[in-house]
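Observations on the model geometry
Below, each chain spelled out in residue letters.
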Amino acid sequence: MPASVPRITTRNARFQQWQALLSNRTKRRRLGAFVVQGVRPITMAVEHGWRVDAVLFDAERRLSEWARTILETVDAAHYALSPALLAELGEKDDGAPELLAVVCLPEDTLDRITPGPDFLGVVFDRPAGPGNLGSVIRSADAFGAGGVIVTGHAADPYDTAAVRASTGSLFAVPTVRTASPRDVLAWVEAHRSAGVPIQIVGTDEHGAADVFDADLTGPTLLVIGNETSGLSTTWRDAVDQMLRIPMTGSASSLNAANAASVVLYEARRQRSRD
């Protein structure tokens, strides 16, 4: 470890600031940063060009080749932490991770998402659980979606639980927060006027058509509702089609993240036939 790298062994002001990023979304917004845990999420953040503010590593461990590469290639401040402090920030019960990253938040602007003729996007309306939100982002990445939009008072995609559940896909798929569905609807109308005929589809157990019978090959924005209350009235009024997922057995509906995965998979299946 170079002598110039600061070593942190007490819960000083800087450590407390990083600790606040784990659970305080207001602090994350104010400081413009969040903590990223895990090999794959950190690797994805670096590979996709996200700006890293700081890299924190275990001061007492012989680091792996991966960790050394991150330290050598990422242009960010480096800090050596005691294992106990790093374990706190890593939220691990089985010991300290060898490395964590503090990554800068991107702008919340819909301009980060660019619809085209084959656009597939997801809106998650007022998600309550960060884990569900992260799972939707992961599915969006897996099935080729070009962006995820989070509307209303909702879970934070930069919560550590959401980042973990996305397994790094947060860094590959533009994910944007908006205060109101109206912002998204205005964005859709602007792209429609520019020649991209985006259709808006929602899911509901009483939908008018089965998802497998709908044409999802054109530009499509899928709207998933809150885990408990479903779609808001604004979104129900805005959708062009309300689709249902055929099911057997006693279950009447799916978890929001699972429903999103089914529809995204069906859209990808239809498009792969062309």
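Per chain, residues are indexed from 1 in the order of the written sequence. Per-residue local features of the predicted model are confined to residues with pLDDT of at least 70, and side-chain atom pairs are confined, for both listing and counting, to 80 or more; whole-chain, interface and lining totals are unaffected and use all residues. Excluding hydrogens and water, the side-chain figures rest on all heavy atoms present in the structure.

The protein has the name TrmH family RNA methyltransferase in an unreviewed UniProt entry, where Georgenia deserti is given as its organism.

1. Digging into the sheet that holds strand β7 (residues 147–151)
The pairing criterion is simple: DSSP has to find at least two bridges between the two strands. Numbered from the N terminus, helices here are DSSP runs of H or I no shorter than four residues, and strands are runs of E no shorter than two. Across the sheet, seven strands lie side by side as β8-β7-β6-β11-β9-β12-β10; this open sheet has parallel pairing. Every other strand in the sheet has two partners, leaving β8 (175–178) and β10 (209–210) as the edge strands with one partner each. Contacts between helix α6 (residues 130–142) and the sheet are confined to β6 (120–125), β7 and β8, with β6 contributing the most and set at about 175° to the helix. Where helix α10 (residues 256–272) meets the sheet, it contacts β6, β9 (199–203) and β11 (220–224), and its direction lies at approximately 165° from that of β11. In this analysis, two residues are considered to be in contact whenever any of their non-hydrogen atoms come within 4.5 Å of each other. Note on geometry: axes are C-alpha line fits, over the in-contact stretch for helices, and angles between N-to-C directions span 0 to 180 degrees.

2. Points about the UniProt feature "domain: SpoU L30e-like N-terminal" (unreviewed entry) in the protein
Residues given the UniProt feature "domain: SpoU L30e-like N-terminal" (unreviewed entry) here are residues 12–101. Here residues 12–101 is 49% helix and 21% strand, with 18 Å between the C-alpha atoms at its ends. UniProt positions are given in the numbering used here, feature names are shortened, and annotations may be inferred rather than shown by experiment.

3. Structural notes on the packing of aromatic side chains
Paired rings are identified among Phe, Tyr and Trp, the last through its six-membered ring, by centres lying within 6.5 Å, and are further divided according to the angle between planes into stacked (under 30 degrees), edge-to-face (over 60) and tilted (the rest). Counted by the stated rule, this structure contains seven aromatic pairs. Between phenylalanine 34 and phenylalanine 171, the ring centres sit 6.1 Å apart and the planes meet at 15°, which makes this aromatic pair stacked. You can see phenylalanine 34 sitting in strand β2 (residues 33–36) and its partner phenylalanine 171 sitting in the loop between α7 (160–165) and β8, a full 137 residues away along the chain. Here phenylalanine 34 and phenylalanine 171 have matching classes, each one buried. Ring centres 5.8 Å apart and planes at 75° place the aromatic pair phenylalanine 143 and tyrosine 265 in the edge-to-face group. Within this pair, whereas phenylalanine 143 is found in the loop between α6 and β7, its partner tyrosine 265 is found in helix α10, the two being separated by 122 residues in sequence. For tyrosine 265, a relative accessible area of 46% corresponds to the partly exposed category. Every member of this aromatic cluster is reached through a ring pair, and the members are Phe34, Trp50, Tyr158 and Phe171. Burial here depends on accessible area, computed with a 1.4 Å probe over protein chains only, as a share of the maximum for the residue type. Under 20% is buried, over 50% is exposed, and the range in between is partly exposed.

4. What to know about the environment of isoleucine 42
Relative to the helices and strands, isoleucine 42 resides in helix α3 (residues 39–47). Taking relative accessible area as the criterion, isoleucine 42 reaches 1% and is therefore assigned buried. Beyond its immediate stretch of four places on either side in the chain, isoleucine 42 contacts Val36, Gln37, Trp66, Ile70, Leu99, Leu100 and Ala101.

5. Side note on the nonpolar core
The biggest cluster of nonpolar side chains holds 55 residues, and the ones touching the most others in it are Phe34, Val55, Val103, Phe171, Leu216 and Leu264. Tallying contributions element by element places α10 first for this core, with seven residues. Discounting residues that sit within four places of it in the chain, phenylalanine 34 has contacts with Leu21, Arg28, Trp50, Ala101, Val102, Val103, Cys104, Leu105, Tyr158, Val163, Leu170 and Phe171. Residues belong to one nonpolar core when they are buried, are Ala, Val, Leu, Ile, Met, Phe, Trp, Tyr or Cys, and are joined through side-chain atoms within 4.5 Å. Counting residues in each nonpolar core, the second largest holds 19 residues, with Leu110, Ile113, Phe119 and Trp235 among its members.

6. So, the sheet that holds strand β4 (residues 77–81)
Ordered in space as β1-β4-β3-β5-β2, the five strands form an open sheet in which the pairing is mixed. Looking at which strands have only one partner, the edges of the open sheet turn out to be β1 (7–8) and β2. The strands that helix α1 (residues 13–23) touches are β1, β2, β3 (52–58), β4 and β5 (99–104); relative to β2, the one it contacts most, it runs at about 85°.

7. Observations regarding the packing of α1 against helix α5 (residues 83–90)
It is at 9 Å that the axes of α1 and α5 come closest, and there the two elements cross at 25°. Judged by the angle between their axes, α1 and α5 are roughly parallel. Contacts between α1 and α5 involve Phe15, Trp18, Gln19 and Leu22 from the first element and Leu85, Glu88 and Leu89 from the second. Tallied by class, the residues present in the contact of α1 with α5 amount to five nonpolar, one polar and one charged. Here the angle decides the label: under 35 degrees means roughly parallel, over 145 means roughly antiparallel, 65 to 115 means roughly perpendicular, and every other value means oblique. Think of it as three bins: nonpolar holds Ala, Val, Leu, Ile, Met, Phe, Trp, Tyr, Cys and Pro, charged holds Asp, Glu, Lys and Arg, and polar takes everything else, Gly as well.

8. Concerning the environment of aspartate 159
Take aspartate 159: it is sitting in the loop between β7 and α7. Put simply, aspartate 159 and valine 184 are 25 residues apart on the chain and 22 Å apart in space, counted from C-alpha to C-alpha. Excluding residues within four positions of it along the chain, aspartate 159 makes contact with Arg28 and Pro130.

9. Some thoughts on the pairing of strand β12 (residues 241–244)
In this structure, β9 lies alongside β12, joined through three bridges in parallel fashion. If you follow valine 201 over to β12, its bridge partner there is glutamine 241. The pairing of β10 with β12 spans two bridges and is classified as parallel. Paired with alanine 209 across the two strands is leucine 243, which belongs to β12.

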